[in-house]
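A structural walkthrough
Now for the letters of each chain:
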Amino acid sequence: MERLPKIALPVVIGLVVLIILIAKSAVTIGPGEGGVIFKRFGDGIDTSQTYGEGFHIVAPWNDMIIKKVRQQSISDKMNVLSVNGLEVNVNGTVWYEPEYSKLGLLIKTKGENYVQELLAPAVNAAARSVVGRYTPEQLYSSKRDVIEQEILDEVTKLLDQQYVNVKRVLVEDVQLPATIKQAIERKLKQEQESLEYEFRLVTAQKEAEKQRIEAQGKADANKILSASLTDKILQDKGIEATNKLAESPNSKVVIIGSGDSGMPIILGNQ
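These numbers come from a predicted model, not from an experiment.

1. Observations concerning helix α5 (residues 144-158)
In an α-helix, one turn spans 3.6 residues; hence positions three or four apart end up facing the same way. Spanning 15 residues, α5 covers 21 Å between terminal C-alpha atoms, matching the ideal 21 Å at 1.5 Å per step. Restricting attention to buried positions, one finds in α5 the residues I147, E148, I151, L152, E154 and V155. Seen along its axis, α5 keeps its buried residues to an arc of 165 degrees; they face one direction. Opposite the buried face of α5, at more than 90 degrees from it, the exposed residues are D145 and K157.

2. Some words on helix α3 (residues 114-131)
Taking 1.5 Å per residue as the helical rise, α3 with its 18 residues ought to reach 26 Å, and the 25 Å between its terminal C-alpha atoms agrees with that figure. Its axis deflected by about 25 degrees at A120, α3 carries its strongest bend there, up to four residues before the proline P121. Buried within α3 are the following residues: Y114, V115, L118, L119, A122, V123, N124, A126, A127, V130 and V131.

3. Brief notes about empty space enclosed by the protein
Enumeration over the complete set of coordinates arrives at 2 cavities of 30 Å³ or more. Roughly 110 Å³ of internal volume is contained in the largest cavity. For the largest cavity, the lining is made up of 16 residues, of which M78, G92, T93, V94 and V123 are closest to its centre. When residues of the lining of the largest cavity are traced back to their parent elements, those giving at least two are β6 (72-81), β7 (87-98), α3 and β8 (164-175). The residue makeup of the lining of the largest cavity, split by class, is 11 nonpolar, 4 polar and 1 charged.

4. Considering the sheet that holds strand β5 (residues 63-68)
What holds strands together in a sheet is hydrogen bonding between their backbones, with the strands either parallel or antiparallel. Pairing is antiparallel in the open sheet, where 3 strands are placed in the order β3-β2-β5. Both outer strands of the open sheet, β3 (44-45) and β5, are each paired with one neighbouring strand and no more. Of the strands in this sheet, β2 (33-39), β3 and β5 touch helix α2 (residues 103-110), which is tilted by about 60 degrees from β2.

5. Remarks on the pattern of salt bridges
One pass over the full model with this rule turns up 6 salt bridges. Close ionic contact of R133 with E150 constitutes a salt bridge, the shortest N to O distance being 3.2 Å. Here E150 lies in helix α5 and R133 lies in the loop between α3 and α4 (136-140), a separation of 17 residues in the sequence. Among the ionic pairs, E154 bridges to R133, the shortest N-O distance being 2.7 Å. With E154 in helix α5 and R133 in the loop between α3 and α4, this residue pair connects regions lying 21 residues apart in the sequence. For R133, a relative accessible area of 41% gives the class partly exposed. Ionic contacts of the salt-bridge type, sharing partners, join the residues R133, E150 and E154 into one network.

6. A look at the environment of W95
Looking at where W95 falls in the secondary structure, it is placed in strand β7. Among residues more than four places away in sequence, those in contact with W95 are Q71, Q72, S73, N165, V166, K167, R168 and L170.

Calculation criteria
- Residues numbered from 1 in each chain as written.
- Predicted model: local features only at pLDDT ≥ 70, side-chain atom pairs only at ≥ 80, totals over all residues.
- Heavy atoms only, no water.
- Helix = DSSP H or I, 4+ residues; strand = E, 2+ residues; numbered from the N terminus.
- Expected span 1.5 Å × (residues − 1).
- Buried < 20%, exposed > 50% of the residue type's maximum accessible area, 1.4 Å probe, protein only.
- Arc of directions from axis to C-beta.
- Bend = angle between axes of the 7 residues up to and from the residue.
- 1 Å grid on protein atoms, 1.4 Å probe; cavity = no way out; pocket = protein on both sides within 12 Å on 5 of 7 lines; lining within 4 Å.
- Points joined across faces, edges and corners; volume = space filled by probe spheres on them.
- Nonpolar A, V, L, I, M, F, W, Y, C, P; charged D, E, K, R; others polar.
- Pairing = 2+ DSSP bridges.
- Contact = heavy atoms within 4.5 Å.
- Axes fitted to C-alpha atoms, helices over the stretch in contact; angles between N-to-C directions.
- Salt bridge = Lys/Arg side-chain N within 4 Å of Asp/Glu carboxyl O.

Right, here's the structure in full:
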């Protein structure tokens, strides 16, 4: 009984150490994350394997570095120069994701802060290069989609073989100097008014042409009708009308002959 406390103490100490080692060795990688092992007594980052979501056991003297591997985004506001040297503020967002199988190489070669040290500078360089090709008017109005695609192409080239994939670039806002913005808005308004005037003019011309065609059609129809009313037709119509009048029980008609045109001469009608 006297030896029991002496045996129990090392056992308790051993259990405590075991619990600490297990706690140190147990690592849980969350959803959308990946991990790489840093071997403290080895070659540093193990680039051969990326660990996926779930529970993992690592040696207590090693560390598991966990990073997000799902699609993410960064937003930035950049001051850039247009093609004519005017300063333009561009607000943009970039969607990206690290290459899952190359996460170890990414961290080993670019560091854990690869977003600030690699991605953000590449996006800024691409934006400055692309925006510098356009005038403020193009940036403000019609070239937004083209600029986004060109920035994406530039970033993709800059990050080639850098273990980061850029999925999309969105230019959310382009802010110009107030005087330039007002001048552009006035010009756009004038262009809109000009287009509206041209539309009204074309509409009026089409309506006038329609009325001219309708009038010409009526005139042609009357001309054809007049040409078809020959003396023979008029004579036949007159005889037909006279016969109907003579057949009427309340009429007294005496036909005494016909004129030079062949129309009957009626003596009387009561």
